[in-house]
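Notes for the structure review
Here is what each chain is made of, one letter per residue.
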Amino acid sequence: MDEPSRRNVLVAGGTLGAVGALGAATPAHAGSLWTWSPRGSVAGSGRGVDPRWVWDEEADALVASLLDRGEVPGVNALLRTWTKNGQPLPAGLPADLRDFMERARRLPEWADRGRLATAVEFNEKRGLYLGVLYGFASGMMSTVIPREARAVYYSQGGADMKDRISKTAKLGYDIGSRKAYDPDGEMIVTCVKTRLVHAAVRHLLPKSPYWAKVADEEIPISQRDLMVTWHSLPTTVMKSLTAWKVPIPAAESAAFLHSWQVAAHLLGTKDEYIPASWDEADAQAEQVLKPVLAPTPEGVKLADILLNLGVAFDGTILTKPVLRAFTRFLLGDEIAEWLRIPVEPFWDRLLDVAWGPFVAVREGLLATFPRADDLYWLFDEFLRTMVLAYLSEAKPISIEIPQTNNPH
Ligand code: HEM
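Please read all numbers here as calculations on a predicted model, not as lab measurements. (Residues numbered from 1 in each chain as written. Predicted model: local features only at pLDDT ≥ 70, side-chain atom pairs only at ≥ 80, totals over all residues. Heavy atoms only, no water.)

Attention now goes to the coordination of the iron atom of the ligand. With respect to protein ligation, the iron atom of the ligand binds only His198 (NE2), at 2.1 Å. By secondary structure assignment, the location of histidine 198 is in helix 10 (residues 187–204). (Donors = N, O, S within 2.8 Å, 3.2 Å for Na, K, Ca; no water. Helix = DSSP H or I, 4+ residues; strand = E, 2+ residues; numbered from the N terminus.)

Pasting the structure below:
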């Protein structure tokens with residue numbers, strides 16, 4: 001590998017110049033140049049270091065040590081009982097982990113309870129669209145983010161994709177639930193556990209011979225990667241809602257963003273990389289998400305699994321042609337072709353022509369549209385069934401720290 005290792009970067013690090021120079025020396029692997037300014041972040045300032053070379057020092061060292069000490073099975077067993085944001089941590093956790101988690105579970109100072117409450121209202125009003133978009137726009141997009149697709153495929157969870165999708169769906173479900181960040185909600189717990197999972201993956205995945213063969217990096221899940229995936233979630237969802245002309249009051253749009261800013265923080269993203277506004281988010285996504293999108297054999301397989309999950313849930317409305325057309329409709333021709341999704345002439349055209357008017361009628365902006373009697377029912381049923389299929393995946397499930405990679 002011709003990349004600087006994290007150790008080298010950290011040794012060289014601290015000085016912006018040194019890190020910048022390392023990034024510039026590896027243009028093929030470093031992705032696009034990082035020029036996004038920390039002034040546009042929730043922190044409002046920062047050193048401006050390319051997050052490609054920043055991971056999660058504290059969590060990574062801690063979880064590596066838990067794995068080396070053989071303490072992960074015991075920790076997972078204890079953490080199964082920790083499910084609610086306001087619940088004390090279970091007794092018996094190793095002291096270093098307990099200290100870390102007590103800090104990691106705190107909401108950032110800039111979290112605004114009022115805005116989080118408005119986000120709940122928005123999620124309730126728009127739950128039907130959000131469920132479909134998290135599951136399908138974000139889920140499918142993650143399959144064309146090469147580093148994510150490879151990490152998911154070769155990590156422990158890759159051996160049982162249905163289980164893994166359930167765990168990921170849990171995060172979408174928790175952030176959208178009425179209690180999300182409240183003491184009896186679960187979003188803080190889900191984020192802190194996920195932060196530990198990501199730290200474990202950084203330690204374990206480099207030991208996978210399968211991953212090492214295809215990876216273009218030494219250590220996965222950099223802070224830049226975290227933000228890439230983050231943009232596949234709220235930024236992409238908001239783009240679709242806007243494209244569908246769903247009317248969203250400015251306060252609700254800002255609140256939805258806020259709930260995701262808090263999530264990014266709790267997942268261990270440094271505040272200087274978390275966009276402060278939608279404009280800043282769009283600008284960052286343009287720089288980090290768009291240029292990395294590409295097909296991989298792993299991503300193509302993952303996309304196929306996602307399509308089949310929908311069909312397995314309900315093959316009458318969620319048929320393969322409908323789901324393929326919906327993927328093309330949401331993500332465009334290029335991504336559909338990367339994922340080897342065939343053209344579905346009938347459904348592709350129907351979505352192009354009738355989805356906009358359907359949303360307009362649903363939103364009370366239009367009285368009717370041609371063939372509305374049949375189509376309104378069909379599209380509405382499709383939305384409802386998709387949300388059910390997606391939520392059924394978010395069944396009560398425990399996010400656990402992995403101890404190995406995918407053996408295949
Ligand atoms: C695990 C969410 C970024 C790779 C998880 C889990 C959640 C999650 C909820 C727990 C589910 C499970 O254990 O399977 C997120 C969110 C992200 C993000 C919200 C960003 C905002 C990333 C990135 C990568 C990644 C950037 C890789 C480049 C993985 C892997 C696992 C995981 C490999 C563990 C799978 C296993 O159990 O082996 N993530 N993730 N994630 N995530 Fe992420």
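Further remarks concern the nonpolar core. Ranked by internal contacts, the top residues of the largest apolar core, which has 122 residues, are Met101, Tyr181, Phe326 and Trp355. A per-element tally of this core places helix 7 (residues 113–142) first, with 12 residues. Formed jointly, this core draws a minimum of three residues from each of two domains, domain 1 (57–288) and domain 2 (297–392). (Core = buried A, V, L, I, M, F, W, Y, C linked by side-chain atoms within 4.5 Å. Buried < 20%, exposed > 50% of the residue type's maximum accessible area, 1.4 Å probe, protein only. Domains from an automatic or database assignment.)

Contact geometry for helix 9 (residues 161–176) and helix 15 (residues 297–313): axes closest at 11 Å, N-to-C directions at 80°. As far as their axial angle goes, helix 15 and helix 9 are roughly perpendicular. Mapping the contact onto sequence places Met161, Lys162 and Ile165 in helix 9 and Leu302, Ile305, Leu306 and Leu309 in helix 15. Taken together, the residues of the contact of helix 9 with helix 15 sort by class into 6 nonpolar, no polar and 1 charged. (Axes fitted to C-alpha atoms, helices over the stretch in contact; angles between N-to-C directions. Parallel < 35°, antiparallel > 145°, perpendicular 65-115°, else oblique. Contact = heavy atoms within 4.5 Å. Nonpolar A, V, L, I, M, F, W, Y, C, P; charged D, E, K, R; others polar.)

Time to look at the site of the ligand. Contacts to the ligand come from 21 residues, most closely from Ser155, Gln156, Gly157, Arg164 and His198. One of the backbone nitrogen or oxygen atoms of glutamine 156 is found 3.1 Å away from an oxygen atom of the ligand. Contact between the ligand and glycine 157: an oxygen atom at 2.6 Å from a main-chain N or O atom of the residue. Every element with two or more residues in the shell around the ligand is listed here: helix 8 (146–154), helix 9, helix 10 and helix 12 (223–243). The dominant element in the shell around the ligand, judged by the number of residues it contributes, is helix 12, at 5 residues. (Near = heavy atom within 4 Å. Polar contact = N/O pair within 3.5 Å; in protein donor to acceptor, adjacent residues only side chain to side chain.)

This next bit is on helix 16 (residues 320–331). Given a rise of 1.5 Å per residue, 12 residues ought to cover 16 Å, and the 16 Å separating the end C-alpha atoms of helix 16 matches this to within 8%. Residues of helix 16 that are buried: Val322, Leu323, Ala325, Phe326, Thr327, Arg328, Leu330 and Leu331. For helix 16, the secondary structure elements touched by its buried residues are helix 7, helix 12, helix 15, helix 17 (333–338), helix 18 (345–362) and helix 19 (372–392). Looking at the residues trailing helix 16, positive phi occurs at glycine 332, about 95°. (Expected span 1.5 Å × (residues − 1).)

What follows is about the environment of threonine 118. Its location among the elements puts threonine 118 in helix 7. Among all residues touching threonine 118, those that are not within four sequence positions of it are Ala251, Glu252 and Ala255.

All told, the structure shown has 20 aromatic pairs when counted by the stated rule. Geometrically, the ring pair formed by phenylalanine 122 and phenylalanine 256 is tilted, given 5.1 Å between the ring centres and 55° between the ring planes. Taken together, the residues span a long stretch of sequence, with phenylalanine 122 in helix 7 and phenylalanine 256 in helix 13 (residues 250–266) at a distance of 134 residues. Look at phenylalanine 122 and you get buried, because its relative accessible area is 0%. Exposure remark for phenylalanine 256: the relative accessible area of 0% places this residue in the buried category. With a centroid separation of 6.4 Å and an interplanar angle of 85°, the aromatic rings of tryptophan 355 and phenylalanine 382 are classed as edge-to-face. With tryptophan 355 in helix 18 and phenylalanine 382 in helix 19, this pair connects stretches of sequence that are 27 residues apart. Pair check on accessibility: tryptophan 355 and phenylalanine 382 agree, each one buried. Ring pairs connect the aromatic residues Tyr129, Phe136, Trp244, Phe326, Phe329, Trp355, Phe358, Tyr376, Phe379 and Phe382, which therefore count as one cluster. (Phe/Tyr/Trp six-rings, centres within 6.5 Å; stacked < 30°, edge-to-face > 60°.)

The next thing to look at is the side chain of asparagine 406. With respect to the helices and strands, asparagine 406 occurs in the segment after helix 19. Take asparagine 406: its relative accessible area is 6%, and that puts it in the buried class. With sequence-adjacent residues up to four places away left out, asparagine 406 is seen in contact with Tyr153, Tyr154, Ser155, Gln156, Gly158, Ala159 and Tyr210.

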